[in-house]
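Chain residues, written in single-letter form:
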Amino acid sequence: MTITSPTHVPGTALPAPAVHRAPKRASRFRPGAGKQLNGGPFAYIALAVVGIGSLLPLYWTLVAASHTQDEVLASTPPFLPGGRLMHNLDAAWTQAHLGKAIVNSVIVSGCITLATLFFCTLAGYAFAKMRFRGRGALMTGVILTLTIPPQLSVVPLFMMMADLGWGGNLESVIFPTLVSAFGVFFMRQYLLEALPYELIEAAKIDGANNFRIVLSIVLPVARPAMMVLGMLTFVQAWNDFFWPYLALNQQNPTLQVALGQLSASYTPDQSIVMAGALISTLPLLVVFVVFGKRIVGGIMSGAVKG
């Protein structure tokens, strides 16, 4: 005789045993995480203070450039723009020969920016995705160059430019800064996360060589980071004063060197100096207005990687 369970009917399958599951751990993310948050009054006040503080130097430059030197240096300086802006701009343009200086600055900054984007993107791709002996040691050497003060290389660099016959020419400013260690490290870190190995292997299987991979895959992927690096490089090259002041002369200056000459007299007119500074700032504002959306998009794209 077979003894069966009171709840079991012969000829039917036994019920599955109950599974005891551990209680679900509470999520560390609050409901609605990832959604855009609405700023309160304190956030708007803080943003207004930061914005006003950022625009205050530019506004004071405009005010000082539109008054006479006596008004600017008075015990109670003016707080509103005056009526001498065009006069001071014309005086600064004539005295410092800013036309040629602006052309030189555009040539120098443009060449340095384009070369930095090209070489740093290639080097960043090589350090991020290519396997070769000594890759780690070379990358460490690149990073260590960031710790060397630029002033230590001024004397040998000046002698090298003199031996090449580039003293006083724009080549002496362009060629020493065609590649930056920061740019190589920046592009390497971006491509390390943004460019998957599977995409490169698929291109190799399809028969693409390294040049085709860089042109069709690496450059489109690296475009957001290249926009950010290009902006930083252009601004740095445009505002550079120390090395161009040593390498160039008064007949062939960049914009910052020309402004330095404008304020080098015994009694410089501060209103005219401020007018020249205003002229030197306008191209950077134009660049940011034209490419601002792409630059911010590149920054945000790099911020969500990882």
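Before reading on, note that the structure itself is shown above.
Residues numbered from 1 in each chain as written. Predicted model: local features only at pLDDT ≥ 70, side-chain atom pairs only at ≥ 80, totals over all residues. Heavy atoms only, no water.

### Details of unusual backbone geometry
Even without a glycine there, the phi angle at H97 is positive, about 50 degrees. Overall, the relative accessible area of 56% leaves H97 in the exposed class. (Buried < 20%, exposed > 50% of the residue type's maximum accessible area, 1.4 Å probe, protein only.)

### Some thoughts on the side chain of S105
Counting through the fold element by element, S105 comes out in helix α4 (residues 98-129). When near neighbours in sequence (up to four residues on either side) are disregarded, S105 contacts G110, W238, T254 and L255. (Helix = DSSP H or I, 4+ residues; strand = E, 2+ residues; numbered from the N terminus. Contact = heavy atoms within 4.5 Å.)

### Description of the packing of aromatic side chains
Considering all chains together, one arrives at 6 aromatic pairs under this definition. With a centroid separation of 5.8 Å and 25 degrees between ring planes, the pair formed by F234 and W238 is classed as stacked. With F234 and W238 both in helix α10 (residues 210-239) and 4 residues apart, the pair spans about one turn of that helix. Side by side, F234 and W238 carry an identical accessibility label, which is buried. Sitting over the ring of Y197, K129 keeps its end group 4.1 Å from the ring centre. (Phe/Tyr/Trp six-rings, centres within 6.5 Å; stacked < 30°, edge-to-face > 60°. Lys NZ or Arg CZ within 6 Å of the ring centre and 35° of its normal.)

### So, the packing of helix α8 (residues 181-194) against α10
When two helices pack together, their arrangement is given by the angle between their axes and by how far apart the axes lie. Contact pair α8 / α10: the axes reach a minimum separation of 10 Å and the direction vectors enclose 145 degrees. For α8 against α10, the interelement crossing comes out right-handed. Here F182, G183, F186, M187, Y190, L191 and A194 of α8 come into contact with α10, specifically with V218, V221, A222, P224, A225, M226, V228, L229 and L232. Its residues placed into classes, the contact of α8 with α10 shows 15 nonpolar, 1 polar and no charged. (Axes fitted to C-alpha atoms, helices over the stretch in contact; angles between N-to-C directions. Left-handed = near helix turned anticlockwise from the far one by under 90°. Nonpolar A, V, L, I, M, F, W, Y, C, P; charged D, E, K, R; others polar.)

### Comments concerning the nonpolar core
Counting residues in each nonpolar core, the largest one holds 24 residues, and the members touching the most others are Y125, M187, L191, L195, I213 and V218. Put simply, the parts of the chain that give this core at least two residues each are α4, α5 (135-144), α8, α9 (197-205) and α10. It is α10 that provides the largest number of residues to this core, a total of 8 residues. Excluding residues that lie within four positions of it along the chain, Y125 makes contacts with M130, L191, L195, I200, I213, V214 and V218. Counting residues in hydrophobic clusters, the runner-up holds 20 residues, among them A96, L98, L255 and A275. (Core = buried A, V, L, I, M, F, W, Y, C linked by side-chain atoms within 4.5 Å.)

### Some thoughts on the environment of R131
For R131, the position within the fold is in the loop between α4 and α5. There is a polar contact of 3.1 Å between the side chain of R131 and the side chain of Y197. (Polar contact = N/O pair within 3.5 Å; in protein donor to acceptor, adjacent residues only side chain to side chain.)

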